[in-house]
Amino acid sequence: MSELRLGFPGNEKRVDAPDVKDSPAPWDLATDLAVVGKAHPRLDGALKVTGRAKYSYDIRFPGMIYAKMLRSPHASAIVRKLDISKAKALPGVVYSEGAAGARIRHAGQEVCGLAAESEEILDDALALVEVEYEVLDHAATLDMAMAEGAAKVLDDGPNVRGGRAPGNLEAVAKAHAEADVVVAQEYRTQVQTHSCLETHGCVCKWEGGKLTVWASTQATFAIQSSMAQALRIPAADILVITEHMGGGFGSKFGISSWDAFCARAARETKRPCRLMLDRREEHLVAGNRPDSIQRCKFSAKRDGTLCGAAVEAFGTAGNGGGAGVFNPGIYAFKAASQSASDVLTHAGGARAFRAPSHPQGVFALEGMMDELADAIGMDPLAFRKRNDRHPVRLAQYDVGAKEIGWERRVKSGSAKGPVKRGLGMASTRWGHNARPGDAVNCRIGRDGSVLFSNGSQDIGTGTRTVIAVIGAEELGLPVARVSVRLGHTSDPYGHGSGGSVTAPSIAPVVRHAAWLAKRELLANVAAADGGDAGKMDLRGGKVTGASRDLTFEQACAMMTKDAIEAQGQGRAEFFGLPRFSGEVAGVQFAEVEVDTEMGAVRVVKVVAVQDCGLVVDPLLARSQISGGVIQGISYALFEDRILDRATGNMVNPNLLDYKVLGAADMPEIVSIAFSVANGISPTGVSSLGEPPTVPTAGAIGNAVANAIGARVRSLPITPDKVLAALGVLS
Ligand code: MOS
């Protein structure tokens, strides 16, 4: 056993941790780190800003062909007749697939696929395909699908499904009975599409029975295995390459049907083939965040004690499941219960989306918290502090309140003049999602070069830089001396970037690989030069504890072979260390300005205080936090997939009418990476990608209510809803 100092300055805990065999001592509050925790430019930053970074979208080959799917304009239909013959006869069309009979369950569902010499020929060819649809009744929205006599989306049962056991309802009723105030309200959130800057798709190229796929993905190895399954070939015959990718947010794990079509077109024509979705397809078929209706009944005592919470939730994940919400949670309710139902609709299916179920649930949860605080006449911040047990959030509340100037908050609706300001806040949580299974190679060359390699991808979070910083720390080198190769499945296995697992899972493995390589290097030094390798270390570009002054390069020159190669393995015992707290914590504060004549909301400032375990690099961490806040503001005020009830088609399938926050909408964002020695692993790095997007809409919703003295319980908070809440519009 050895003692670990966990926590953060002001709240430190000493705990006994089991020693992990054949592994360096865990980093904790006592560790003096030279590289970790300092700001380093992102390794791929220059490549990206100069346009030299090659995305899958940029991959082009001589003789390449282009593929695209023809998609149904109807939300519910049967393909009665499909005639591709005219399209196939068009010069330049080289491959096609498709047959009549398909049952269409959402607008945009694929009907057939074509490949051609150029994108222009492809468009002409798609227009020549003749399809006869038998158009059927549809239910495109939540309300339509829940209505009496609604068209059924799947044949094997009703549209409204699940409804997890409400459980605990008696305990909630008892808690409500003890309360002084009970608030019941309905909250709604919209469908949000991922709107990845780089659309979904891939480029496929065959050589002698082996396939290379340049995929825009957040999971190279899932692309490899799912493509192998679709093509019925061994995974070992597939190389997936993802050097850079333009956003996934949960929508880019395994292959989609169009990727397999692209691979088959390339195989059958013996030519490289490219299929990247256009923006309309991206909105229609590449996933979304489910919407929700949340009927909430919460209660509290006048002294600020939370009592009961019951939530009845409905949401649609389109023609699939998974529309649950995270509500209630976070706070110490005496009793809580939830029932959640998936409502099937004739719409594109949902996919995981940055903190699945959380932003929608927390918008309602935090709105209800403010409504309760109002009902008992208590400050919302004091109310939360009274009902929160998380040691990290309790410290973060004060940091955030000070930064936003919470003492400026006036009674809701008391601001003067037509343009009113308001302050609001909300909290977030996430799991410490570190998991075993990653492997990382560390190669130290006799020439002093250092390369870390892993086959997973950088979803955009800065994984290359995380690897370089951790590796440099263990090897006592500056970050600039370390190279990283990512995104080739020929390198060791790495997890898909989902659930914010990447940095916490790979960090201890990088460290271990570096530690193993270092041990061998120092053994070489001892063999060549005398001294005790066990007393040596690498620090500041030098060997410490050797019989004479030696630089890292001099040590490398003593190698008996060309290079030392060590592989770190993400062993389960790396992740069994004691933890300071069970969850990642964060709080956000928002200041908004509401024009009560026009209804427009402008976010003035957001303060985000976020725990992510050990902060590897504050620049990267703040960038992640700011990105989460930006996506959260966009969700709060703008983004909305609008389906035409009459046809089931999306009326805004572009980036003009589907509004995503732009530079002009950007507030001041103060992102504070709140470092916590959480235990977790020998590095203490935890999850960061998802939690900072969770509370933003809740904080903004509360700030709007504080500004105007009326509450908008539906996202996005658009001018018409603000004016309706004010009673100006009905
Ligand atoms: Mo995520 S939504 O687990 O990429």
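Going along each chain's sequence as written, the residues are numbered from 1 onward. Owing to the predicted nature of the model, reporting of local features is limited to residues with pLDDT of at least 70; listing and counting of side-chain atom pairs is limited to 80 or more, with chain, interface and lining totals taken over all residues. Hydrogens are left out, water is left out, and the side-chain values use all remaining heavy atoms of the structure.

Engineer: Please explain the overall build of the chain as it appears in this structure.
Structural biologist: When you go through the chain residue by residue, the secondary structure sums to 17 helices and 30 strands. Computed over its C-alpha atoms, the radius of gyration of the chain comes to 28 Å, within 12% of the 27 Å expected for a compact globule of 730 residues. In terms of principal-axis extent, the alpha carbons of the chain reach across some 85 × 75 × 45 Å. Exposed residues in this analysis have more than 50% of their type's maximum accessible area, buried residues have under 20%, and partly exposed residues fall in between, with area computed by a 1.4 Å probe over protein chains only. Scored against the burial criterion, the 730 residues of the chain give a buried share of 60%. In what follows, residue pairs with any heavy atoms lying within 4.5 Å of each other are defined as contacts. Within the chain, contacts between residues separated by at least 24 positions form 80% of all contacts whose residues are at least 6 apart in sequence. For the chain, the exposed surface amounts to about 26900 Å²; the carbon and sulfur share of it is 52%. With 80 positive and 81 negative side-chain charges, the chain shows a separation of 1 Å between the mean positions of the two kinds. Numbering of helices and strands runs from the N terminus, with a helix taken as a DSSP run of H or I at least four residues long and a strand as a DSSP run of E at least two residues long. Values of the radius of gyration come from C-alpha atoms, whereas the globule rule sets the reference at 2.2 Å times the count of residues to the power 0.38. To be clear on the numbers: accessible area is Shrake-Rupley with a 1.4 Å probe, and residue cover counts the displayed protein chains and nothing else. Neither His nor the chain ends is counted toward charge; the positive residues are Lys and Arg and the negative residues Asp and Glu. By convention, charge coordinates are those of NZ in Lys, CZ in Arg, CG in Asp, or CD in Glu.

Engineer: How should I be thinking about the domain arrangement of the chain in this particular structure?
Structural biologist: Interface extent is often summarised as the accessible area lost during association of the parts. What the domain assignment reports for the chain is domain 1 (56–136 + 200–276), domain 2 (365–432 + 579–725) and domain 3 (435–454 + 462–477 + 497–575). In this assembly, four residues from domain 1 lie in contact with four residues from domain 2. Note on definitions: buried area is the accessible-area loss of two parts on being combined, 1.4 Å probe, summed for both. When domain 1 packs against domain 2, close to 260 Å² is buried across both sides, 43% of that on carbon and sulfur atoms. When the area that domain 1 buries against domain 2 is broken down by residue, the three leading residues are A75, A107 and F249, summing to 77%. Counting of polar contacts relies on pairs of N or O atoms within 3.5 Å, with two restrictions inside protein: one atom must be capable of donating a hydrogen and the other of accepting it, and residues adjacent in sequence are counted only when both atoms are side-chain atoms. Here domain 1 is connected to domain 2 by one residue pair in polar contact (both at pLDDT 80 or more). The domain boundaries here were taken from an automatic or database domain assignment.

Engineer: Explain the pattern of salt bridges to me, please; I cannot follow it from the model alone.
Structural biologist: Between side chains of opposite charge, a pair can form as their charged atoms come close. Any carboxyl oxygen of Asp or Glu within 4 Å of a side-chain nitrogen of Lys or Arg constitutes a salt bridge here. A full pass over the atoms with the stated rule returns 54 salt bridges. As a salt-bridge pair, E281 and R71 come within 2.6 Å of each other at their nearest N and O atoms. Residue E281 is located in helix α8 (residues 279–285), and its partner R71 is located in strand β3 (residues 65–71); the two are separated by 210 residues in the primary sequence. Residues E281 and R71 agree in their burial class; the two are buried. Here K535 ties to D532 by a salt bridge, and the two come within 3.4 Å at their closest N and O atoms. Residue classification places K535 among the exposed residues on the basis of a relative accessible area of 63%. When its relative accessible area of 39% is taken as the criterion, D532 is described as partly exposed. Each of E366, D370, E371, R384, R711 and R713 takes part in salt bridges that share partners, so that together they form one network.

Engineer: Quick question: what am I supposed to make of the sheet that holds strand β9 (residues 160–162) here?
Structural biologist: In sheet architecture, strand pairing relies on hydrogen bonds along the backbone and comes in two forms, parallel and antiparallel. Strand order in the open sheet formed by five strands is β9-β19-β18-β17-β10, and the pairing between neighbours is mixed. The open sheet has two edge strands with one neighbour each: β9 and β10 (181–189). Direction aside, neighbouring strands of the sheet carry axes that sit 20° apart on average. Strand pairing is assigned whenever DSSP detects at least two bridges linking the two strands. Two strands pair when backbone bridges link them, and strand β18 (residues 306–315) and strand β19 (residues 335–343) are joined in this way by eight bridges, in the parallel orientation. Simply put, an axis is a line fit to the C-alpha atoms, just over the touching stretch for a helix, and the angle between two N-to-C directions goes from 0 to 180 degrees.

Engineer: I tried to follow the packing of helix α6 (residues 220–231) against helix α7 (residues 257–269) on my own but got confused; where do I start?
Structural biologist: Helix-helix packing is characterised by the crossing angle of the two axes and by the distance between the axes. Interaxial distance between α6 and α7 falls to 10 Å at its minimum, and their mutual angle equals 60°. One element, α6, and the other, α7, form an angle in the oblique class. The chirality of how α6 crosses α7 is right-handed. Of the residues in α7, those touching α6 at M227, A230 and L231 are D259, A260, A263, R264 and R267. Each angle is binned into one of four classes, with values under 35 degrees roughly parallel, values over 145 roughly antiparallel, values of 65 to 115 roughly perpendicular, and all other values oblique. The sense of a crossing depends on the near helix, which, turned anticlockwise from the far helix by less than a right angle, makes the crossing left-handed and, turned clockwise, makes it right-handed.

Engineer: Just checking my understanding: could you explain the environment of F261 for this structure?
Structural biologist: For F261, the position within the fold is in helix α7. Along the primary structure F261 and N433 are separated by 172 residues, whereas in three dimensions their C-alpha atoms are 34 Å apart.

Engineer: Just to check I follow, could you spell out the pairing of strand β15 (residues 273–276) for this structure?
Structural biologist: Side chains on a regular strand alternate between the two faces of the sheet. Covered by surrounding structure in β15 are C273 and L275 together with R274 and M276, the residues of both alternating faces. Of the strand pairs in this sheet, β3 and β15 are connected by two bridges, and their pairing is parallel. From the neighbouring strand, Y66 faces β15, where its bridge partner is R274.

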